[in-house]
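What follows is each chain in one-letter form.
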Amino acid sequence: MTLDTTRDGPITGTGTASVSEPTSAELVARAAALVPDLIAAQAETEALTRTPQHLVDRMRGADLYRVLVPRRYGGLEKDLAAFTDIVTELARGCPSTAWGYCLAARHVVQVATLFPRSAQDAILSADFLAASVAAPTGTLREVENGWVVEGTFQFASGSVYSTHYLGQAFPIAEPGGKPIGPPAVFIAPREAWTQLDDWGWTLGLRGSGSNGVRFDGAVIPHDHVLLDTFFLDVNVSEGTAGSALYENPLYSGRTVGPISLDVAALMTGMALGALDEYEKLLETKRTVRPPITTRADNGYYLRWAGKAAAQLDAARALIRSGCEKHAQACRDQQAGVAEFTARKDLETVVMGREAVLLAWDAMSNKLFRSAGTTATGQAERMSRIWRDMSTAWTHIYNSQGEMYDEDLGRARLGR
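Residues numbered from 1 in each chain as written. Predicted model: local features only at pLDDT ≥ 70, side-chain atom pairs only at ≥ 80, totals over all residues. Heavy atoms only, no water.

> Honestly, the overall build of the protein in this entry has me stumped. Any pointers?
What the protein contains, in helices and strands, is 15 helices and eight strands. Compactness check: the protein gives a C-alpha radius of gyration of 22 Å against a globular reference of 22 Å for 415 residues, within 12% of the reference. For the C-alpha atoms alone, the extent of the protein along its principal axes is close to 80 × 50 × 45 Å. Taking all 415 residues of the protein together, the buried fraction comes to 56%. The long-range share in the protein, meaning contacts at least 24 apart out of those at least 6 apart in sequence, stands at 76%. Surface exposure of the protein reaches about 16900 Å², of which carbon and sulfur atoms provide 53%. The average position of the 40 basic charges and that of the 48 acidic charges among the side chains of the protein differ by 7 Å. (Helix = DSSP H or I, 4+ residues; strand = E, 2+ residues; numbered from the N terminus. Rg over C-alpha atoms; globule rule 2.2 N^0.38 Å. Buried < 20%, exposed > 50% of the residue type's maximum accessible area, 1.4 Å probe, protein only. Contact = heavy atoms within 4.5 Å. Areas by Shrake-Rupley, 256 points an atom, 1.4 Å probe, with all protein chains shown as cover. Lys, Arg positive; Asp, Glu negative; His and termini not counted. Charge placed at Lys NZ, Arg CZ, Asp CG, Glu CD.)

> Is there a simple way to think about helix α4 (residues 53-61) in this case?
Taken as a whole, α4 has its buried residues at L55, V56 and M59. One side of α4 holds all its buried residues, which, seen down the axis, span an arc of 105°. Turning to α4, the residues buried within the fold contact α2 (35-40), α5 (80-93) and α6 (95-105). D63 occupies a position one or two residues after α4 and carries a positive phi of about 70°. (Arc of directions from axis to C-beta.)

> How should the side chain of S260 be read in this particular structure?
Structurally, S260 is set in helix α10 (residues 256-284). Classification of S260 as buried rests on a relative accessible area of 5%. Leave out the neighbours within four places in its chain, and S260 touches T348, V349, G352, R353 and Y397.

> Where do I start with unusual backbone geometry in this structure?
In terms of backbone geometry, most residues other than glycine have negative phi values and most peptide bonds are trans. Cis geometry marks the peptide bond from P290 to P291, where omega comes out at -5°. In this structure, D63 is a non-glycine residue whose phi angle is positive, near 70°. Mapping D63 onto the fold places it in the loop between α4 and α5. At F155, a position not held by glycine, the phi torsion is positive, near 60°. By secondary structure assignment, the location of F155 is in the loop between β3 (146-153) and β4 (164-172).

> What am I meant to see in the packing of aromatic side chains here?
Aromatic ring pairs are reported here in terms of the distance separating the ring centres and the angle at which the planes meet. Counted under the stated rule, the structure contains 18 aromatic pairs. Pairing F83 with Y101 gives two aromatic rings, centres 5.7 Å apart and planes at 35°, and the pair type is tilted. Remark: Y101 occurs in helix α6 and F83 occurs in helix α5; sequence separation between them is 18 residues. An angle of 65° between the planes, with centres 6.2 Å apart, marks the rings of Y165 and W193 as edge-to-face. Taken together, the residues span a long stretch of sequence, with Y165 in strand β4 and W193 in the loop between β5 (184-189) and β6 (194-195) at a distance of 28 residues. The burial state of Y165 is the same as that of W193; both residues are buried. (Phe/Tyr/Trp six-rings, centres within 6.5 Å; stacked < 30°, edge-to-face > 60°.)

Dropping the structure here:
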């Protein structure tokens, strides 16, 4: 991968917050304040297969789309810990809305890290959102004025809200030809693709706006393509475009760890929503064996609730620790103290993986199992969260997490 680090010096102002800028805690509180309305709109969200516009407008008004955008482009430039806390709160309300938000809002970090300043000036704005699919499935063909993009990319979560699409494709020399090199990363504006009407059929996350996108020969500029780049394993040892452009180390690191922590935040938030619902059920439902009491007065149910709460506290602690581990690796890389290696990235990945396992166990083996059959009704909140978490469990970072465990073991042994 060839980096364009041409600059007039680091972009200034990226490390200093405005006095009128919301703090990270205020942004998290704004996300939490949306939870009741997100819950109330869940049926509508599923029916639409996307978040209703009035809630999108409120999220925009709460500055949630600006969290990770560099200040140079009107963003707030907060850290990964703030972002994952926001995602957790949104998922506590509506998993579908949180999923679509997270998987579109977080990719600005990759763009600010990897792409040259000319591309960033052309595409970044305060409301920048970019759906992304990690698997390289389409093709790129170079022409005089840029690159021709062809292909269909399924499961582009958040694409219905996105201003851009961030993807991977194989370079080819001629139409219909075979790949001539490793995958390349590309970024394309909304007008370059066709939004497919192909979402809402899954078991859960039906309202996440995870529609596919199709490219039919749109041409994107040369600087919107990064050749010989595998999105999930970018070597940053020699610096990144972002580390040259910004003073903030956020834009100098690897990418897999943060994505894993995002998924962990989503799963943990969903399970916290289930715990909220479970505690309501304990106050209203009664036991079936003497002594007949509310479940809130029964030791078994209290233990299930307490164990789930402890697991979710542990999951949140893992996510926060992973965020700090990633941030420290970015700081060390930026300062030239220590290289941000693949092993460090993998260590963060598996921390997120362990948080996911805790969240799933709390939901499936504690809360859902003991909530009662009436809680499995299609319109019941507990049932909806279980469907959403089950679908999220099939995401590659969850379903194939053991691969990263193996990768870390190999890295630790120098293999």
